[in-house]
Amino acid sequence: MSADCLFCKIAAGEIPARRVYEDDDIIAFHDINPSAPVHFLIVPKMHIASMAQLEEKHAALMGRIMTLVPRLALEQGSQPYPEGGFRVIINTGAHGGQEVPHLHVHVLGGAHPWKHE
Ligand code: 5GP
Ligand code: ZN
């Protein structure tokens, strides 16, 4: 855990969030300011600042996060592929539009989520 990191505090239960999934290594919760009818974040509990810090040792963790995406997207109300589907975004660094410096995967679903930006 990194001191004063918002998502570390959510992962530790120190700040409340509307959780959609949790295991020993991963937590997923609704975005507080949703950009689409379905909008949640999947977050490794381990503090990794962004995708820019990923190393080979993180491959299994990131693989698990990515394979959670379709399951949680459907559970949260996105419609099945191909008529439905979802959008995945990982903002990285200032140029990538990242605001919270703890790696997180945005999952957006519902009709035309890209129109809600
Ligand atoms: P970023 O721009 O870093 O990719 O996205 C950060 C996201 O975190 C934003 O979509 C923002 O709405 C969300 N967020 C910021 N603070 C909180 C919070 O305290 N709780 C939750 N659930 N989401 C947050
Ligand atoms: Zn953190």
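In this text the structure is predicted, and so the values were computed from the model without any measurement.

Caption draft 1: The packing of aromatic side chains, seen in detail. What the rule picks out here adds up to 1 aromatic pair. On the basis of an interplanar angle of 75° and a centroid distance of 5.3 Å, the ring pair of F7 and F29 is categorised as edge-to-face. Of this pair, F7 sits in helix α1 (residues 6-11) while F29 is found in strand β2 (residues 26-30), placing the two residues 22 residues apart along the sequence. Judged by relative accessible area, which is 5%, F7 ranks as buried.

Caption draft 2: Structural detail: the pattern of salt bridges. Following the criterion strictly, the structure yields 7 salt bridges and no others. Three or more residues joined by partner-sharing salt bridges are found here, namely R19, E22 and K45.

Caption draft 3: View of the coordination of the zinc ion (ligand 2). Around the zinc ion (ligand 2), the protein contributes the donor atoms C5 (SG), C8 (SG), H47 (ND1) and H102 (ND1), which lie 2.0 to 2.3 Å from the metal centre. Here the zinc ion (ligand 2) is ringed by 4 donor atoms whose angles at the metal span 105 to 115°, and the overall shape comes out tetrahedral.

Caption draft 4: Quick peek at the site of ligand 1. Within the structure, ligand 1 sits among 16 residues, and D31, N91, E99, H104 and H106 are positioned closest to it. Note that a nitrogen atom of ligand 1 is positioned 2.9 Å from one of the backbone N or O atoms of H30. Relative to its unbound accessible surface of 530 Å², ligand 1 loses 84% to contact with the protein. Mapped by element, the contributors of at least two residues to the shell around ligand 1 are α1 and β2. The dominant element in the shell around ligand 1, judged by the number of residues it contributes, is α1, at 3 residues. When the residues that make up the shell around ligand 1 are grouped by side-chain class, the tally is 7 nonpolar, 7 polar and 2 charged.

Caption draft 5: Expanded view of the sheet that holds strand β1 (residues 19-22). The 5 strands lie next to each other as β1-β2-β3-β5-β4, forming an open sheet whose pairing is antiparallel. The open sheet is flanked by β1 and β4 (86-89), the only strands paired with a single partner. Going across the sheet, the axis of each strand differs from the next one's by a mean of 20°, ignoring polarity.

Caption draft 6: Region of interest: the nonpolar core. Of all hydrophobic cores here, the largest spans 18 residues; its most connected members are F40 and I42. Looking at this core, the elements with two or more residues in it are β1, β2, β3 (38-44), α2 (59-75) and β5 (105-109). Residues within four places of I42 in sequence aside, it is in contact with I26, I27, A28, I65, L68, V69, L72, H104, V105 and V107. In terms of nonpolar packing, the next biggest core, distinct from the first, is built from 8 residues, F7, I10, I27 and F29 among them.

Basis of the calculations
Residues numbered from 1 in each chain as written. Chains lettered and ligands numbered in written order. Predicted model: local features only at pLDDT ≥ 70, side-chain atom pairs only at ≥ 80, totals over all residues. Heavy atoms only, no water. Phe/Tyr/Trp six-rings, centres within 6.5 Å; stacked < 30°, edge-to-face > 60°. Helix = DSSP H or I, 4+ residues; strand = E, 2+ residues; numbered from the N terminus. Buried < 20%, exposed > 50% of the residue type's maximum accessible area, 1.4 Å probe, protein only. Salt bridge = Lys/Arg side-chain N within 4 Å of Asp/Glu carboxyl O. Donors = N, O, S within 2.8 Å, 3.2 Å for Na, K, Ca; no water. Tetrahedral: all angles 85-135°; square planar, octahedral: opposite > 155°, others 65-115°. Near = heavy atom within 4 Å. Polar contact = N/O pair within 3.5 Å; in protein donor to acceptor, adjacent residues only side chain to side chain. Areas by Shrake-Rupley, 256 points an atom, 1.4 Å probe, with all protein chains shown as cover. Nonpolar A, V, L, I, M, F, W, Y, C, P; charged D, E, K, R; others polar. Pairing = 2+ DSSP bridges. Axes fitted to C-alpha atoms, helices over the stretch in contact; angles between N-to-C directions. Core = buried A, V, L, I, M, F, W, Y, C linked by side-chain atoms within 4.5 Å. Contact = heavy atoms within 4.5 Å.

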